[in-house]
Amino acid sequence: MAQHARISDDTSSAAAETCTTESVPQETVRGKHAAPATEHTSTESAQQKATIRLIKNSVVKALTYVGVIVAVGVAGTSITLAIDDPLDVYNFDAMVQANAQAGAANNAPSQDEPAASPEDAALAETSTDEETSVKLPQTKGYTLTADDLTSLSGGVEPFTFAFATNEATEGALAADSAEDITAAVNAIQEVGGEAGYILIDVAEGTGIAGNLDLRVYGASSIKGPLALYYCQNQLETNLMNGDTPINEGAALFDMDGSYVFDGIAEYPVGPLLADSLLTSANDSFRILRANVGDDEWEAWLASLSITEIDTYQWFPTYSARESALMWLNGYNYLTDPDAYYAPWLSQQLEQTEVSYIRSGLADEDVTVAGKAGWIADSDPAYCATCDAGLITDEQGRVYLMSIMTNAPDCEESEAAVGQLARALWNARAFA
């Protein structure tokens, strides 16, 4: 667990038992701007509660600082606290540099790169460097684009597709595969949800999809795309590095976890990213998201052909199609041999504590890099059991999968999402 990770998560999947489990209070899980757009204009009561909450968090911080100072004074010991110099404590970027150098040495060459010489090949075989998990596919017959994904129909029933010249040819799925997918969707419906989904062989531009435009509350699944944004737009551009501190002040208004009580005012961006992915800590995500302007976030999404997401909401509602557009961008970044932070981010996405896709494919020889989201709420608009990311098979071929459901989080809905992931994976040969 990353340093300063939350001990428990209010939306913890591990705590889910049945779909009748008492829902988590909305105020503790949604975070800033997660309420519907109609609630942007606060009532006087809401303003008072928000003000009280901000004062409470600020006072807790102040008292924590005083307590630390008093404790140090009583002990009569001179020490350097983490809050004074987080760079020395974490030294995050040095670790990323070593990881990136190891990954770059082992990334498979792209189609346009010349083949390695026999001498280089022999050297690579004897290298003990850690190998990057997300590899370039062995064959690449098609270059998938955002236009391809936006051109797909929104049919509810499962269908296959194959791209040619940015125009999809769609067809019916084999009967057995369609039955398995429909059975998994029915299992999601039995626990009170609907599902939108897509599986794509990225190298060949073929796949399976259904109900692509069903919009659901994404919950923590948005943390994966936000990490991609930071790596691409902040770290790779040298606007930040992994040790750059981010102050929590802009997010303190909404924080409700252990970050409020730890006596630390700022955190390096690298550990925040890791914590938001590995343990799905909400406060680390809130600190990161508060550091990104809504207009800046909107512009980045628009560059991915995503224009309908309400960027005012930190935990937004979106569809499997929009999720796939985010992860197509993720594929392009994570398989870029020149992307310095990509090997590190791949590792974080592969080690998330919760993944319904990974659970569904547990018997397969694959690596899953993605981010799930889950919540059971008294308001159905804020229920979700979702997962999305990239699947690399034993031959290095990469598939993109997104499953977005509005089923309340519980053991049954988690199992049903895993069942749907398995049904899609087994049907890929018939796409």
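Keep in mind the model is a prediction, meaning the values are calculated, not measured. (Residues numbered from 1 in each chain as written. Predicted model: local features only at pLDDT ≥ 70, side-chain atom pairs only at ≥ 80, totals over all residues. Heavy atoms only, no water.)

> Please clarify how the nonpolar core should be interpreted in this entry.
Soluble globular proteins tend to pack their nonpolar side chains together in the buried interior. Ranked by size, the top nonpolar core spans 77 residues in total, and within it Ile 198, Tyr 230, Tyr 333 and Leu 345 carry the most contacts. One finds Ala 187, Leu 420, Ala 421 and Ala 427 within the second-largest nonpolar core, a separate group that totals 33 residues. (Core = buried A, V, L, I, M, F, W, Y, C linked by side-chain atoms within 4.5 Å. Buried < 20%, exposed > 50% of the residue type's maximum accessible area, 1.4 Å probe, protein only.)

> Sorry, what's going on with the packing of aromatic side chains here?
For any two aromatic rings, the description comes down to two numbers: the centre-to-centre distance and the angle of the planes. In the structure shown here, the tally under the stated rule is 13 aromatic pairs. Measuring from centroid to centroid gives 6.1 Å for Tyr 142 and Phe 163, while their planes differ by 15°, and the two rings are stacked. Here the residue Tyr 142 occupies a position in the loop between helix H4 (118–126) and helix H5 (146–151), and Phe 163 occupies one in strand E1 (residues 159–164), the gap between them amounting to 21 residues. Residue Tyr 142 is classed as buried on the basis of its relative accessible area, which comes to 13%. You can call Phe 163 buried: its relative accessible area is 8%. Here Tyr 340 and Tyr 341 contribute two aromatic rings whose centre-to-centre distance is 4.8 Å and whose plane-to-plane angle is 75°, an arrangement assigned as edge-to-face. (Phe/Tyr/Trp six-rings, centres within 6.5 Å; stacked < 30°, edge-to-face > 60°. Helix = DSSP H or I, 4+ residues; strand = E, 2+ residues; numbered from the N terminus.)

> Would you take a moment to explain the pattern of salt bridges for this structure?
Oppositely charged side chains can pair when the atoms bearing their charge come close. A complete count under the given rule lists seven salt bridges for this structure. Between Asp 256 and Arg 286 there is a salt bridge; the shortest N-O distance is 3.1 Å. In this pair, Asp 256 sits in the loop between strand E6 (245–247) and strand E7 (266–268) while Arg 286 sits in helix H9 (residues 282–290), placing the two residues 30 residues apart along the sequence. Accessibility expressed as a relative area gives 23% for Asp 256, which makes it partly exposed. Shared partners join several salt bridges into a network, and the residues in it are Asp 201, Glu 204 and Arg 397. (Salt bridge = Lys/Arg side-chain N within 4 Å of Asp/Glu carboxyl O.)

> Looking at this model, I keep getting lost on helix H14 (residues 411–426). Mind explaining?
Think of an α-helix as turning once every 3.6 residues; residues three or four places apart then point the same way. Between its first and last C-alpha atoms H14 spans 22 Å; for 16 residues at 1.5 Å apiece the expected length is 22 Å, and the two agree. Within the sequence span of H14, burial applies to Ser 413, Glu 414, Ala 416, Val 417, Gly 418, Leu 420, Ala 421, Ala 423, Leu 424 and Trp 425. Elements in contact with the buried residues of H14: helix H6 (175–190), strand E3 (195–201), strand E4 (206–210), helix H13 (356–360), strand E10 (384–392) and strand E11 (398–405). (Expected span 1.5 Å × (residues − 1). Contact = heavy atoms within 4.5 Å.)

> What should I look at first to understand the environment of Leu 252 in this one?
Looking at the secondary structure, you find Leu 252 in the loop between E6 and E7. For the pair formed by Leu 252 and Ala 290, sequence separation is 38 residues and the distance between their alpha carbons is 9.4 Å.

> Help me out: how do you make sense of the environment of Thr 279 in this one?
Mapping Thr 279 onto the fold places it in the loop between helix H8 (269–278) and H9. In this structure Thr 279 comes out as buried when scored by relative accessible area, which is 10%. The spacing of Thr 279 and Val 354 is 75 residues in sequence and 8.1 Å in space, taken between C-alpha atoms. A distance of 2.7 Å separates a polar atom in the side chain of Thr 279 from a polar atom in the side chain of Asp 275. (Polar contact = N/O pair within 3.5 Å; in protein donor to acceptor, adjacent residues only side chain to side chain.)

> What should I look at first to understand the pairing of E3 in this one?
Regular strands have side chains that alternate between both faces of the sheet. The element E3 is largely enclosed, with a buried count of seven among its seven residues. Neither face of E3 is open: one carries Ala 195, Tyr 197, Leu 199 and Asp 201, the other Gly 196, Ile 198 and Ile 200, and all of them are buried. Bridge count for E3 against E11 is seven bridges, and the pairing is antiparallel. In the strand pairing of E11, Gly 196 is matched with Met 404. As defined by bridge partners, E3 adjoins E4 across five bridges and the pair is classed as antiparallel. When the sheet's bridge partners are listed, Asp 201 is paired in E4 with Thr 206. (Pairing = 2+ DSSP bridges.)

> How do you make sense of the packing of H8 against helix H12 (residues 342–350) when you look at a structure like this?
The geometry of a pair of packed helices is captured by two quantities: the angle between their axes and the separation between those axes. Where H8 contacts H12, the axes come no closer than 8 Å and their chain directions differ by 30°. Our classification of the angle between H8 and H12 gives roughly parallel. Along this stretch, H8 crosses H12, giving a crossing that reads as right-handed. Residues Gly 270, Leu 273, Ala 274, Leu 277 and Leu 278 of H8 touch H12, and the partners they reach there are Trp 344, Leu 345, Gln 348 and Leu 349. Taken together, the residues of the contact of H8 with H12 break down into seven nonpolar, two polar and no charged. (Axes fitted to C-alpha atoms, helices over the stretch in contact; angles between N-to-C directions. Parallel < 35°, antiparallel > 145°, perpendicular 65-115°, else oblique. Left-handed = near helix turned anticlockwise from the far one by under 90°. Nonpolar A, V, L, I, M, F, W, Y, C, P; charged D, E, K, R; others polar.)

> Before we go on, may I ask you to explain a negative patch on the surface in this structure?
Taken together, the side chains of Asp 363, Glu 364, Asp 365 and Glu 394 define an acidic patch exposed on the protein surface. The residue Glu 394 is located in the loop between E10 and E11 in this model. Of the residues examined, Glu 394 reaches a relative accessible area of 53% and is grouped as exposed. (Patch = residues over 30% accessible without salt bridge, like charges linked within 9 Å, V, L, I, M, F, W, Y side chains within 5 Å. Areas by Shrake-Rupley, 256 points an atom, 1.4 Å probe, with all protein chains shown as cover. Lys, Arg positive; Asp, Glu negative; His and termini not counted. Charge placed at Lys NZ, Arg CZ, Asp CG, Glu CD.)

> How should I be thinking about the confidence of the model for the protein chain in this particular structure?
Parts of the model with low pLDDT should not have their predicted coordinates read in detail. When pLDDT is averaged along the protein chain, the result is 78; 67% of the residues meet or exceed 70. Between residues 107–113, whose pLDDT stays under 50, and residues either more than four places distant or in other chains, the model counts nine contacts. Contacts for the low-pLDDT stretch residues 116–139, under 50 throughout, to residues beyond four places or in other chains number 40 contacts. (pLDDT = per-residue confidence, 0-100.)

> I'm lost on the packing of helix H11 (residues 320–334) against H12 in this one. Help?
Interaxial distance between H11 and H12 falls to 9 Å at its minimum, and their mutual angle equals 130°. The orientation of H11 with respect to H12, classified from their angle, is oblique. Here Trp 327, Tyr 333 and Leu 334 of H11 lie close against H12, whose contacting residues are Ala 342, Leu 345, Ser 346 and Leu 349. Looking at the contact of H11 with H12, its residues break down into six nonpolar, one polar and no charged.

> Would you mind going over unusual backbone geometry with me for this structure?
Backbone phi values are negative for most residues with the exception of glycine, while trans is the configuration of most peptide bonds. Positive phi is not limited to glycine here, since Asn 211 has a value of about 55°. With respect to the element layout, Asn 211 can be found in the loop between E4 and strand E5 (215–217). Taking relative accessible area as the criterion, Asn 211 reaches 13% and is therefore assigned buried. Of note, Asn 238 is a non-glycine position whose phi angle comes to about 65°, a positive value. The topology assignment puts Asn 238 in the loop between helix H7 (223–235) and E6.

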